[in-house]
Amino acid sequence: MRALRLLAMLASSACHLASGQTDDMCNAQDRTYSTETMPAGTHQPYDKLNPVVGMLSTKFYVTVVNLTPHRFMLEGTHSYQMDIFDFGDVPQGRARQNAVKYRGTWSTRDDAGEAYYRIDGTDKRFALRVKSYIPSSDPRRVVLDLSGMGLGQREYVYPGGDTAVSLVITGSNRFGFQASLRHGPGNWMRNMYDVIRDRPVRHLIMPGTHDAGMSTITDKIVSIGSEENTQNQGINIYDQLQTGSRWFDLRICSVHANDDAGRNNGFWVMHVNDEMATLAIGNTGESLDDVISEINRFTSENPGEIIFFAMRYLVGRYEFPDRGPILWNAAIVDDFFSKLRAIHNRCLHLDTNTGFQNHKASYFMDHNEGKGCVILLLNGHLDGRESPADGIYDIGRMTIRDHWSNRMQASDMVPDQVNNWRSVTRGGGASDYGSFMIAQWLVTPDAVATTAYSLQNFAIQPTNPSLYWAGVNGMDPEHWPNVLMVDYIGVQQRDQWAWNRLSAEMYTLAVGMNLYMASENCDVGRRRNPLLRRGEMGMVESRGVPWNGIIFANGTTVDDPDPMLHLGRVEILRNGTVFGNGTVVEQSMPNPWL
Ligand SMILES: *[C@@H]1O[C@H](CO)[C@@H](O)[C@H](O)[C@H]1NC(C)=O
Ligand SMILES: *[C@@H]1O[C@H](CO)[C@@H](O)[C@H](O)[C@H]1NC(C)=O
Ligand SMILES: *[C@@H]1O[C@H](CO)[C@@H](O)[C@H](O)[C@H]1NC(C)=O
């Protein structure tokens, strides 16, 4: 069967070549993106954010995102102690929210469920496993086993009730695959230089971070902003860059002594309800000095990227912020600009006759002798002041549509964001959308709800996971935003912010959107989708040494496990086990998929 399919594939590509077509040209007939209708998904209900209610939840999801030219074929499932174990094929370019519901409670000890997939037209396989571990403080888990693709295994804990764990896969059999179990190299743009170099910046897709410097609470102003209601990220700017973020929503204020507006206690990232209000409520995050050294550390290790810092606020506040803003005078602006001059790889004297969104990626990536650009954009209260000679530009140098939904529930925010990016078309000559679009994939709960449930839980439970089914299924080769801006980038598990506890869904989504989705649109690039081209193997090597290890739920990583070790794998299917086709096992039997 498989041999036949392979032969058919070879024959069809030989045929294409024989008909005079070069392997290097994008051709609409080669499109692999599937328009198949996917089953509707479900957003986490609001009450499940309550930890007591959430603890009793018996419903979970495993979302699978396919950003490859191959269909993911479900070979079979079995489950024990589950009422619902609904998994299915994931076509090319699509996502499926697979549902699991335990029978009774999830704490049955002997529950088990597995879904076995194979990647069509290849010899690659993966398995998804759901199992509860009693007793354990993190009992509800899923294992993503990609050892059959040489991409390792990872055990995840569900972050709350009715929540999802997501798996994103991109690449192709010819090109090599990568998946969201671990982050790839920091310089993801440079790594696909050949793919994106001729695309204008408005045809790139990149992660963004909202209130980016608010990864800590530093109390430089006296206010009630707490970690629950004012902290928007778990990791600092350096780690955000490593997780792939290239658009930073950074809000900066100077903080002034209460009794002397002339005494400036330095520049701080700040998050307040309204920086111009008489009484500002919020708190400070990282210092500008720390932000700058983190940027410089990243770009020295990862040259060649395009990184945007869009800086808002740019006013002063008193330590006790109850007397309105202090508008920056020339001296403070000078101070601020001289700080910014410490950022390496700024891009001086950029051509401002062309909107920055219309310059090719290579225009920025080739700058500074190939070290790339850190582009500083001022979007505060500075009346259009800028300094192109220092690489500091007014935000108006780029035409941007920044869409904020201002909704409390993910179920309201999601359709609003998807409709916004679907209202414009990418590629296609005159109809090509000419601006740079930011999708703020985040919810805006009121103060009571954030204090009760925390911005972190809103991000990691209902909001970020919905990007991987509702968001992905709202995209296609003609429709996508340029920036996917989130809170708590990379964070999968509450308060687990160490690098080895992060998860790479956003990173892999961004890589896959540029590599696969945008490449399927021949109006975005004349060259053939790199995933379908021959002779791209060089890029596989640049993505690093193959890794087929295991990351356990507690973060412990084993690089070289016993090849027979597959977390959560069921060897014997006991009587009462249900197959995907509804057949019930009457007598215990060996697992037929092993
Ligand atoms: C993490 O889990 C693994 C597997 O259960 C275990 O062997 C290891 O000791 C644990 N590590 C820590 C630090 O708890
Ligand atoms: C499984 O088999 C055992 C032993 O024969 C029997 O006691 C039990 O009721 C069976 N369970 C189911 C769900 O059929
Ligand atoms: C259901 O699936 C199982 C496992 O693949 C298989 O053994 C069985 O024959 C199937 N039953 C039917 C009715 O198709």
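What counts and what doesn't
- Residues numbered from 1 in each chain as written.
- Chains lettered and ligands numbered in written order.
- Predicted model: local features only at pLDDT ≥ 70, side-chain atom pairs only at ≥ 80, totals over all residues.
- Heavy atoms only, no water.
- Axes fitted to C-alpha atoms, helices over the stretch in contact; angles between N-to-C directions.
- Helix = DSSP H or I, 4+ residues; strand = E, 2+ residues; numbered from the N terminus.
- Parallel < 35°, antiparallel > 145°, perpendicular 65-115°, else oblique.
- Left-handed = near helix turned anticlockwise from the far one by under 90°.
- Contact = heavy atoms within 4.5 Å.
- Nonpolar A, V, L, I, M, F, W, Y, C, P; charged D, E, K, R; others polar.
- Expected span 1.5 Å × (residues − 1).
- Bend = angle between axes of the 7 residues up to and from the residue.
- Buried < 20%, exposed > 50% of the residue type's maximum accessible area, 1.4 Å probe, protein only.
- Domains from an automatic or database assignment.
- Buried area = accessible area lost by both parts, 1.4 Å probe.
- Salt bridge = Lys/Arg side-chain N within 4 Å of Asp/Glu carboxyl O.
- Polar contact = N/O pair within 3.5 Å; in protein donor to acceptor, adjacent residues only side chain to side chain.
- Pairing = 2+ DSSP bridges.
- Disulfide = S-S within 2.5 Å.
- Phe/Tyr/Trp six-rings, centres within 6.5 Å; stacked < 30°, edge-to-face > 60°.
- Lys NZ or Arg CZ within 6 Å of the ring centre and 35° of its normal.
- Near = heavy atom within 4 Å.
- Areas by Shrake-Rupley, 256 points an atom, 1.4 Å probe, with all protein chains shown as cover.

This part takes up the packing of helix H13 (residues 455–473) against helix H14 (residues 505–517). At a minimum axis separation of 11 Å, H13 and H14 run at an interaxial angle of 20 degrees. Between H13 and H14, the angle falls in the class roughly parallel. Considering how the two elements wind past one another, H13 and H14 form a crossing that is right-handed. Each of Leu 467, Tyr 468 and Val 472 in H13 lies in contact with H14, whose residues at this interface are Glu 505, Met 506 and Leu 509. Split by residue class, the contact of H13 with H14 holds five nonpolar, no polar and one charged.

Given a rise of 1.5 Å per residue, 19 residues ought to cover 27 Å, and the 25 Å separating the end C-alpha atoms of H13 matches this to within 8%. Of all the bends in H13, the greatest measures close to 50 degrees and is centred on Leu 467. Taken across its 19 residues, H13 has 18 buried, putting it largely inside the fold.

Further remarks concern the domain arrangement of the protein chain. Segmenting the protein chain into domains produces domain 1 (48–167 + 543–590) and domain 2 (203–504). Here the C-alpha centroids of domain 1 and domain 2 sit 35 Å apart. Taken together, the contact between domain 1 and domain 2 spans 24 residues of the former and 17 residues of the latter. It is Leu 49, Arg 154 and Pro 159 in domain 1 that bury the most area against domain 2; as a group they hold 33% of the surface buried on that side. On inspection of domain 1 and its partner domain 2, the count reaches zero salt bridges. Counting every contact that joins domain 1 to domain 2 gives nine residue pairs in polar contact (both at pLDDT 80 or more). Within the residue set of the side of domain 1 that touches domain 2, elements represented by two or more residues are strand E1 (59–67), strand E4 (95–102), strand E8 (153–157) and strand E9 (164–172).

Once that is clear, we can look at the pattern of salt bridges. Pairing between side chains of opposite charge can happen when their charged atoms approach one another. Evaluation of the coordinates by the stated rule reveals 34 salt bridges. Between Asp 162 and Lys 48 there is a salt bridge whose closest N-O contact spans 3.3 Å. In this pair, Asp 162 sits in the loop between E8 and E9 while Lys 48 sits in the loop between helix H1 (2–18) and helix H2 (51–55), placing the two residues 114 residues apart along the sequence. Judged on exposure class, the residue Asp 162 and its partner Lys 48 are both buried. Between Asp 211 and Arg 251 there is a salt bridge whose closest N-O contact spans 3.2 Å. Remark: Arg 251 occurs in strand E12 (residues 247–257) and Asp 211 occurs in the loop between strand E11 (206–209) and helix H5 (227–230); sequence separation between them is 40 residues. You'll find Asp 211 and Arg 251 in the same group, each marked buried. A cluster of three or more residues bridged by salt bridges with shared partners is formed by Glu 75, Arg 118, Asp 120 and Arg 125.

This next bit is on the sheet that holds strand E3 (residues 82–86). Spatially, five strands are ordered E3-E4-E1-E9-E10 in an open sheet, and the strand pairing comes out mixed. Pairing within the sheet leaves two strands with one partner each, and these edge strands are E3 and strand E10 (176–179). Strand-to-strand, the axes of this sheet are offset by a mean angle of 15 degrees, without reference to chain direction. The pairing of E1 with E4 spans seven bridges and is antiparallel. Bridging from a neighbouring strand, Tyr 61 pairs with Ala 99 of E4. Against the sheet, H13 engages E1, E4 and E9, with an angle of about 135 degrees to E4. The sheet strands contacting H14 are E1, E9 and E10, and the helix crosses E9 at an angle near 35 degrees.

Here we take up the state of the cysteines. Under the criterion given, the structure shown has two disulfides. The disulfide partner of Cys 26 is Cys 522, and the gap between their sulfur atoms is 2.1 Å. An S-S torsion of about -80 degrees defines the bridge between Cys 26 and Cys 522 as left-handed. Here Cys 26 is found in the loop between H1 and H2, whereas its partner Cys 522 is found in the loop between H14 and helix H15 (537–542), with 496 residues between them in sequence.

A few words now on the sheet that holds E8. Read across the open sheet, the eight strands follow the order E22-E21-E8-E7-E6-E5-E2-E24; overall the sheet is mixed. Edge positions in the open sheet fall to strand E22 (557–558) and strand E24 (578–579), since each of these has one partner strand only. In this structure, E8 lies alongside strand E21 (residues 550–551), joined through two bridges in parallel fashion. Within E21, the position partnered with Arg 154 by the bridge is Ile 551.

Next up on the list: the pairing of strand E14 (residues 282–287). Across the six residues that make up E14, a large majority, six, are buried. In the sheet, strand E13 (residues 260–272) pairs with E14 via four bridges, with the strands oriented antiparallel. Along E14, the bridge assignment pairs Met 270 with Thr 284.

Summed over the entire model, instances satisfying the criterion amount to 24 aromatic pairs. Between Tyr 46 and Phe 458, the ring centres sit 6.2 Å apart and the planes meet at 40 degrees, which makes this aromatic pair tilted. Of this pair, Tyr 46 sits in the loop between H1 and H2 while Phe 458 sits in helix H13, and the two are 412 residues apart along the sequence. Among the residues examined, Tyr 46 registers a relative accessible area of 27% and is labelled partly exposed. Centre to centre, the rings of Trp 247 and Phe 308 are 5.2 Å apart; their planes meet at 40 degrees, and the pair counts as tilted. Taken together, the positions of Trp 247 in strand E12 and Phe 308 in strand E15 (residues 305–318) put the pair 61 residues apart, joining distant regions of the chain. Overall, Trp 247 belongs to the buried group, its relative accessible area being 3%. Look at Phe 308 and you get buried, because its relative accessible area is 0%. Over the ring of Trp 547 we find Arg 182, and its NZ or CZ is 4.2 Å from the ring centre. Looking at Arg 323, its charged tip hangs above the ring of Tyr 318, at a distance of 4.0 Å from the centre.

Let us now look at the site of ligand 3. The environment of ligand 3 is formed by Phe 579, Asn 581, Thr 583 and Trp 593. Here an oxygen atom of ligand 3 sits 2.4 Å away from a polar atom, N or O, in the side chain of Asn 581. Between a nitrogen atom of ligand 3 and a side-chain N or O atom of Thr 583, the distance comes to 3.1 Å. Protein burial of ligand 3: of its 370 Å² of free accessible surface, 38% is covered by the chains. Tallied by class, residues from the shell around ligand 3 come to two nonpolar, two polar and no charged.

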